[in-house]
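Observations on the three-dimensional arrangement
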Protein chains: 2
Amino acid sequence: MKLLIVGSVAFDAIETPHGKTGKILGGAGTYISIAASYFDTKPGIISVVGNDFPTEYLLNLNNHGIDTTGIQTITDGKTFFWSGKYHDDMNKRDTLITELNVLEDFDPKVPQNYQNADYLMLGNLSPIVQRQVIERLEKRPKLIVMDTMNFWMDIMLDELLKTISMVDVLTINDEEARQLSGENSLAKAAKKILTMGIQYLIIKKGEHGALLFSKDAYFSAPALLLDQVFDPTGAGDTFAGGFIGYIAKKDDISFETLKTATIVGSTLASFTVEKFGIECLDTLTDHKIMDRINEFATLTAFKKPESL
Amino acid sequence: MKLLIVGSVAFDAIETPHGKTGKILGGAGTYISIAASYFDTKPGIISVVGNDFPTEYLLNLNNHGIDTTGIQTITDGKTFFWSGKYHDDMNKRDTLITELNVLEDFDPKVPQNYQNADYLMLGNLSPIVQRQVIERLEKRPKLIVMDTMNFWMDIMLDELLKTISMVDVLTINDEEARQLSGENSLAKAAKKILTMGIQYLIIKKGEHGALLFSKDAYFSAPALLLDQVFDPTGAGDTFAGGFIGYIAKKDDISFETLKTATIVGSTLASFTVEKFGIECLDTLTDHKIMDRINEFATLTAFKKPESL
């Protein structure tokens, strides 16, 4: 197995100014693995669901070439459920319901056929669970990417810092970068976070794009201007899936490849926000993805002057 | 004369978290003309000052190759004075003092040697004054660029819209684009504003860069990540000066040239915010500017994948 993904597989119920859904398929692991599946990586996913989780959802993941052997089903448990409401300013949302359910006692198990993964993507989860997966791998992957959020900074910073120190790439948003570093300037924040044991940092800025930092350079990925962001849920997870999927496919961890992977992740995320949940992400084609990557490239291309 | 600039020449007193100044040289016209002067355009400026305006400030502009024949001195008047204070979040500032003084009755006169200008940059001023300059030119310039701000949207929207309909390029910030269009999405805002009689729109997003829109394409200029924004005063004016200066030098108004000009404007602005007032902008060299343009180009360069 080339690519191993850890993340929640869940139910979401979403309300935005454009409409609302019932209980639909959600979860970081879902978005990440579907996004990564477009790179023919046949990823394996480690997660946990309850007895209420529809088989058709698992089959959908399988149809994308995703190995779901590592999704445990807890027969007397219920699937993680999140419900949220976005306001006119889509950068703000209220969490209406969080039922952790089977996620509360999640004990991540690595199936034997998942061992020897070259690439590991840790979706947003308790940093303790994220660390357990790293520790339960017989061989350290070539690259470990970790997503997290402010919630873990608030309630278990020490555990979070310990896990961060074990990974190569951290992805967070701009507010989280400020919180984690205590620095208001993103340049200073990035410098500080890069001393926490990681090689690369990605700061996601939503409608303003994303920044990829190494210790001595950085790259600025633009955002596509969309007439309408329909539902931002899963955008960050989709970004992570496109990012790690492209890297796994190229099997290369140079800064150059990480730059392109940042554009690829942004591209995939720009599809996710066009519809509710995984609706748009679920039915992409190589052609659609390549067209949009080209659009991203056009967006920032300019002719450098030879002189003033 | 190739390039004509209209804008305030003024005194500023600035306080930021990093320190404060006494009365120093400021004003949109000052920043614009100094920025434009690096393109060997020998611009002429139309403005007005009072009897308290130091000759050395005029000489400084002349040393940059700026023609100051069009700066009227009102012998019984005082120079426009603005004082403001920035907070930790440098996107927010309080205006402490605004003394319009000679700007209140500003009647812009176009000296004969300024006629036939190919390029006109209207710095932020009353839209009535901006329009008077256009009307007092014997020949319409090839390109008219206009900067404005929310203040004029609040107090004289009709006059503003009338002037906007007479220019080719409008530059405003993201909040102003939302206010002017009534649209929250910048994509929708841009589409609407482009129906107001202009050919191009530039939306300045501060630390998130700038967007250049034509009717059928757009370009995303990144922002340089600075460890510290020392003083944002004049950043937008400097942007405008670099933008129009580069276009005037190239004597070309294609979208390609406007894209590069957007990068050049961003480059110049990135210097201005490094120190108080014009301190940094005043002493640039071609070498410094070209180095930073190259930095901008590196920031967004990536290798496009041939396939997924």
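My aim in this report is to walk through the structure given alongside it, one point at a time. Values in this document were obtained by computation on a predicted structure and should not be read as measured data.

**Here's the deal with the overall build of chain A**
Scanning chain A from terminus to terminus reveals 10 helices and 14 strands. Taking 19 Å as the expected radius of gyration for a compact globule of 308 residues, we find that chain A reaches 18 Å, a close match to that expectation. Here the C-alpha coordinates of chain A stretch approximately 70 × 45 × 35 Å along the principal axes. Taken across its 308 residues, chain A has 62% of its residues classed as buried. Excluding contacts between residues fewer than 6 apart, the proportion of contacts in chain A whose partners are at least 24 apart in sequence is 65%. About 12000 Å² of surface is accessible on chain A, with carbon and sulfur atoms providing 49% of the total.

**So, the side chain of His64 of chain A**
Residues and elements named next belong to chain A. Assignment of secondary structure puts His64 in the loop between helix H2 (55-63) and strand S6 (71-74). Given the relative accessible area of 18%, His64 is considered buried. A distance of 2.7 Å separates a polar atom in the side chain of His64 from a polar atom in the side chain of Asp282. In this view, His64 contacts Ile34, Ser37, Tyr38 and Asp282; residues no more than four positions away in its chain are not counted.

**What to know about the relation of the copies chain B and chain A**
For these two chains of identical sequence, chain B goes onto chain A by a turn of 180° and a shift of 0.0 Å along the axis, with RMSD 0.0 Å. Classification of the inter-copy transformation places it as that of a two-fold axis. An overlap of 98% is found between the interface residues of chain B and their copies at the interface of chain A, pointing to a shared contact surface.

**Re the side chain of Ser185 of chain B**
The topology assignment puts Ser185 of chain B in the loop between helix H6 (174-181) and helix H7 (186-193). Here Ser185 of chain B falls in the buried class, since its relative accessible area comes to 17%. A polar atom in the side chain of Ser185 of chain B sits 3.1 Å from the backbone oxygen of Asp227 of chain A.

Definitions and cut-offs
Residues numbered from 1 in each chain as written. Chains lettered and ligands numbered in written order. Predicted model: local features only at pLDDT ≥ 70, side-chain atom pairs only at ≥ 80, totals over all residues. Heavy atoms only, no water. Helix = DSSP H or I, 4+ residues; strand = E, 2+ residues; numbered from the N terminus. Rg over C-alpha atoms; globule rule 2.2 N^0.38 Å. Buried < 20%, exposed > 50% of the residue type's maximum accessible area, 1.4 Å probe, protein only. Contact = heavy atoms within 4.5 Å. Areas by Shrake-Rupley, 256 points an atom, 1.4 Å probe, with all protein chains shown as cover. Polar contact = N/O pair within 3.5 Å; in protein donor to acceptor, adjacent residues only side chain to side chain. Least-squares fit on C-alpha atoms with pLDDT ≥ 70 in both.

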